Amino acid sequence: MLNRKHNQILILLSLVIVTGCAPKADRESTNVKPASEVDISVGEVAVEEEETPTPSEPATAPSSTETATATPKESAPAEAAPKKEMAKPAATPVAAEAPASKAAANHTGPAKFFGRVSVKGTAPSLPPLLEKGAETKDAICAETAVPNEKAVVSKDGGLANVFVYMKRAPKTGIPAPKEDEVVEIDQKGCVFLPHAKIVRVGQPVLLKNSDPVAHNVNVKGFQNSYNNVVTANGSTEHTFEFVEGTPALTGCDFHTFMTAYILPLDHPWGAVTDENGNFEITDLPDGTWTFVLWHEAVGYVERSVKVEAAQNTAVEMKFEVNASKLSQ
């Protein structure tokens, strides 16, 4: 009996193994379709993504952040270029292209040459040659500070004491000095007044001394040599005989810090720039003339400036001196 039951159990186990009997959950269908019925669309999507973009568009759309960043990068160079081109003319103006001033455009009568000499950069600040109250053998010299006039520059950059003069006079037609014209050089407060002066050859020059102490006038020119004492509160006259090519250094041997520059010319076509750097030379004869600009700290500012003079014509020119040259 037992053997029969044992055999039955063995038969049942064999059937289970052969038929793949398993728990219900594992035997339920997974609904997987046959391969022939599956719709594969991956290839089609890939093709669409590759064909959609144009050459000017990215294959993948940028994020909003990337788009905002890219826009200024692409437009910046195009905007920067015109700004530079527009600023360039204003940054580097050309004086020769500037319109003529009213003074030049409306001028009538004999020709004139006028303009301005200015300083480019920051002018040096020069200490006084003698401080106020300083110890010195003549107290009058220290009642006020004796200025250093090597570089006199106005607030707006005008350079004073620049000699502007015709290099060679015409052979004929030179007017004589006016009889009532007084040429005067004074010494006051131990300072030559003016510091820079043009005189005419053959014209008497009054050398004054407004101080209560003696001075002397020592002219150290290439062509003119003069050295004479001017007594306290006195005066003397001197006539220059020869033309100088450049202004002559003039000093006082009693007070060696005193200096001035005197330029004798054989014609009237010269001027010294005023405290604002301006100059004007009038009544020029018709023709083309060469002018020189000279300053004590620089030497030749210009050696040869051509001026074409004609009736009812005014020639205006502006010149610049580098500030660095004034402290050399």
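The coordinates are above.
Not measured: the values here are computed from a predicted model.

Draft legend 1. How the structure looks around the sheet that holds strand E15 (residues 299-309). The strand order across the open sheet formed by 4 strands is E12-E2-E14-E15, and the pairing between neighbours is antiparallel. The strands lining the two open edges of the sheet, one partner per strand, are strand E12 (270-272) and E15. Averaged over all neighbouring strand pairs, the angle between strand axes comes to 15°, with direction disregarded. Both strand E2 (residues 163-166) and E12 contribute to a ladder of 3 bridges, which runs antiparallel. In the strand pairing of E12, Phe-163 is matched with Val-272.

Draft legend 2. Up close: unusual backbone geometry. Of note, the amide linkage connecting Leu-193 to Pro-194 takes the cis form, showing an omega dihedral of 0°. Tracing the backbone shows Pro-194 in the loop between strand E4 (191-193) and strand E5 (196-200). Although it is not a glycine, Asp-283 adopts a positive phi angle of roughly 55°. Turning to its location among the elements, Asp-283 is positioned in strand E13 (residues 278-284). At Asn-312, a position not held by glycine, the phi torsion is positive, near 65°. Within the secondary structure, Asn-312 is located in the loop between E15 and strand E16 (314-322).

Draft legend 3. Inspection of the packing of aromatic side chains at higher detail. One pass over the full model with this rule turns up 5 aromatic pairs. With a centroid separation of 5.2 Å and an interplanar angle of 75°, the aromatic rings of Phe-113 and Phe-279 are classed as edge-to-face. Taken together, the residues Phe-113 in strand E1 (residues 111-120) and Phe-279 in strand E13 connect sequence positions 166 residues apart. For the pair Phe-113 and Phe-279, one class covers both residues: buried. In this structure, Lys-112 packs its charged tip against the face of Phe-114, placed 4.9 Å from the ring centre.

Conventions and cut-offs
- Residues numbered from 1 in each chain as written.
- Predicted model: local features only at pLDDT ≥ 70, side-chain atom pairs only at ≥ 80, totals over all residues.
- Heavy atoms only, no water.
- Pairing = 2+ DSSP bridges.
- Helix = DSSP H or I, 4+ residues; strand = E, 2+ residues; numbered from the N terminus.
- Axes fitted to C-alpha atoms, helices over the stretch in contact; angles between N-to-C directions.
- Phe/Tyr/Trp six-rings, centres within 6.5 Å; stacked < 30°, edge-to-face > 60°.
- Buried < 20%, exposed > 50% of the residue type's maximum accessible area, 1.4 Å probe, protein only.
- Lys NZ or Arg CZ within 6 Å of the ring centre and 35° of its normal.

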